[in-house]
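An overview of the molecular structure
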Amino acid sequence: MLISTRGTQGVTASQAILRGIAPDGGLYAPTAFTRFTLPEIEALCPLSYAQRAARVLSALLDDFTPEEVASVTEAAYGASFSADSAPAPVRTLNGNTHLLELFHGPTLAFKDIALQILPHLLPLSARKNGVDAEIVILVATSGDTGKAALEGFCDVPGTRCAVFYPKDGVSRAQYLQMATQAGHNTHVVAVEGNFDDAQTGVKRIFANEDFARTLKARGQVLTSANSINYGRLAPQVVYYFSAYADLLQRGKLRPGEPVHFVVPTGNFGNILAALYAREMGLPVGKLFCASNANRVLADFIRTGRYDVNRAFYKTDSPSMDILISSNLERYLFELSGRDPAQVRAWMASLAREGRYAVPSALLARLNETIVGGWVCDDEGQSAIRHALHEANVLIDPHTAVAWSLLTRHRKATGDKTPAVIVSTASPYKFGHAVARAFQLPEQDDDFACCRTIARLTGQAVPERITALETLPIRHSAACAPDAMEKTLLELFQSAR
Ligand SMILES: *Cc1c(COP(=O)(O)O)cnc(C)c1O
């Protein structure tokens, strides 16, 4: 069973996946975590990623049969995932530093891992609950979720996918990936604002009962493909177990030995999945929450005060340009001893004043597990150079934020615990920023940047990127943050 962080009781996993967000505005969280014993974790070693996913997801999706779970994991991670690589391979850089590469899916960012499986989970959830309406998947994206959702739901019968992205807040490749999206059931809208405006607008649509009635009359129901949806979160728990199994199998870890995970963080979804893995018995050392200049989380981890009343920066890592990290609510729920009244009070304060503060005892518990820190663009660029020159690996600007934080931590503390840096995107999605890191000539064209970087590294530019240069633009809608409902209805109308 799952419960809302704000108190509403009891839904199944399939109901949580269908709804996206709880009716009281909270996020669904498991009532209890199934713990894996060490032998059960070791038993993951010989399995394929799809099989590992089936084991871990069975523990998280209560009302799906083992056969159903196995069939969706096979469909998502069997043949259809990138042929030349496992979905989430671990690359060892030196004895105790590893990269968990999560960008081998069709849209070259880690969002694929969940959004390749959600389009199988959602229709199954609808069938289980006797829902036969068209499922409308609403997405607010800081750049990567949008494309991954569009790709995952493209032409999936019984679904329609609408994405809102911040107009000037995504990279050129991210924009083109979305604007060129095929499919009869896909919609893309530029919001004249930043990611927080888009995310707040989507949350407002979910809370709008009139809008829900209008859709219902049209035979449609809403859900979310953002990491507020439990169906996004659960598949992300898998790769932490899988990475541990890979390291065990290669003798890089002794059974039970703790490992740090270093996670470039925006909406707190990826790192929350690591926290869930830890609750489920994975031997995790510390979790590093790495922020860019939008350092609201780093400040919170240091002071216990969450405050969005601050400047918003556009950085080299746009997918982390976020001030309202939705999934932190799920962690606060755990840290408060699952006290929904407390969570409601913090979230009300956040909505009203843009800030809240947690008691020092709670902050102390948080600091036992989480190390926070933030990294400016210059330091990130130097990490990109360092990674290529010292470790012969080309990393993207988001991964660079995590890389910098780990480097800094090890220098300051001498900590030799094995660490896995979570690598969240292909560098070719952010050609401009990567080229700048190598002081390559400032070129306007991201494609030219990508070709130059490719020459530097002797790799080829991924085909999914080069293809963007010639694909036709299919989506050009734009709107103000307060016109998102109206724009959606117009798009749905004209799609009929
Ligand atoms: C979404 C994203 C992040 C941030 O992940 P959260 O789950 O929002 O914390 C980091 N890097 C990349 C490349 C992303 O697309």
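The model shown is predicted, which means the values in this text are computed figures rather than measured ones.

1. Overview of the layout of surface pockets
Rolled over the atoms, a probe as big as a water molecule pinpoints where empty space is left. Its volume calculated, the largest pocket comes out at about 1200 Å³. Lining the largest pocket are 38 residues, with Ile-21, Ala-22, Lys-203, Phe-206 and Ala-207 sitting closest to its centre. Those elements that place two or more of their residues in the lining of the largest pocket are helix H1 (13–19), helix H9 (195–207), helix H10 (209–217), strand E8 (220–224), helix H14 (328–335) and helix H15 (340–353). A total of six residues in the lining of the largest pocket trace back to one element, the largest contributor, which is H9. Tallied by class, the residues present in the lining of the largest pocket amount to 21 nonpolar, seven polar and 10 charged.

2. Regarding the sheet that holds strand E15 (residues 477–479)
Read from one edge of the open sheet, five strands run E8-E5-E6-E7-E15, paired in parallel fashion. In the strand order of this sheet, the two ends are held by E8 and E15, each with one partner. When the angles between neighbouring strand axes are averaged without regard to direction, this sheet yields 25°. Pairing analysis gives six bridges linking strand E5 (residues 134–140) to strand E6 (residues 159–166), with the strands arranged parallel.

3. Side note on the sheet that holds strand E4 (residues 97–101)
Two pairing modes exist for strands in a sheet, parallel and antiparallel, and in both the strands are linked by backbone hydrogen bonds. The mixed open sheet is built from six strands, whose spatial order is E3-E4-E14-E9-E10-E13. One side of each edge strand has no neighbouring strand; the edge strands of this open sheet are strand E3 (90–94) and strand E13 (370–374). Neighbouring strand axes in the sheet, compared pairwise and without regard to direction, differ in orientation by 25° on average. In terms of strand pairing, strand E9 (residues 259–264) meets strand E14 (residues 419–423) through three bridges, oriented parallel. Bridge assignment links Phe-261 to a residue of E14, and that residue is Val-420. Of the strands in this sheet, E3, E4, E9, strand E10 (284–291), E13 and E14 touch helix H18 (residues 397–413), which is tilted by about 160° from E14.

Parameters and conventions
- Positions within a chain are numbered from 1, following the residues in the order the chain's sequence is written.
- Confidence filtering applies because this is a predicted model: local features only for residues at pLDDT of at least 70, side-chain atom pairs given and counted only at 80 or more, and all residues used for totals across whole chains, interfaces and linings.
- Side-chain figures throughout are based on the complete set of non-hydrogen atoms in the structure, without hydrogens or water.
- Definitions used for this entry: grid spacing 1 Å over protein atoms alone; cavity, a set of points where a 1.4 Å probe fits but cannot get out; pocket, an open set with protein on both sides within 12 Å along at least 5 of 7 lines; lining residue, one with an atom within 4 Å of a point.
- Grid points are joined across faces, edges and corners, and a volume is the space filled by probe spheres set on the points.
- Runs of H or I in DSSP of at least four residues are treated as helices and runs of E of at least two as strands, each being numbered from the N terminus.
- Each residue gets one of three labels, nonpolar for Ala, Val, Leu, Ile, Met, Phe, Trp, Tyr, Cys and Pro, charged for Asp, Glu, Lys and Arg, and polar for the others, Gly among them.
- Each pair of strands is called paired provided DSSP finds at least two bridges between the two strands.
- Axis lines are fitted to C-alpha atoms, over the contacting stretch for helices. Their N-to-C directions set the angle, which ranges from 0 to 180 degrees.
- We call two residues contacting when some pair of their heavy atoms lies within 4.5 Å.

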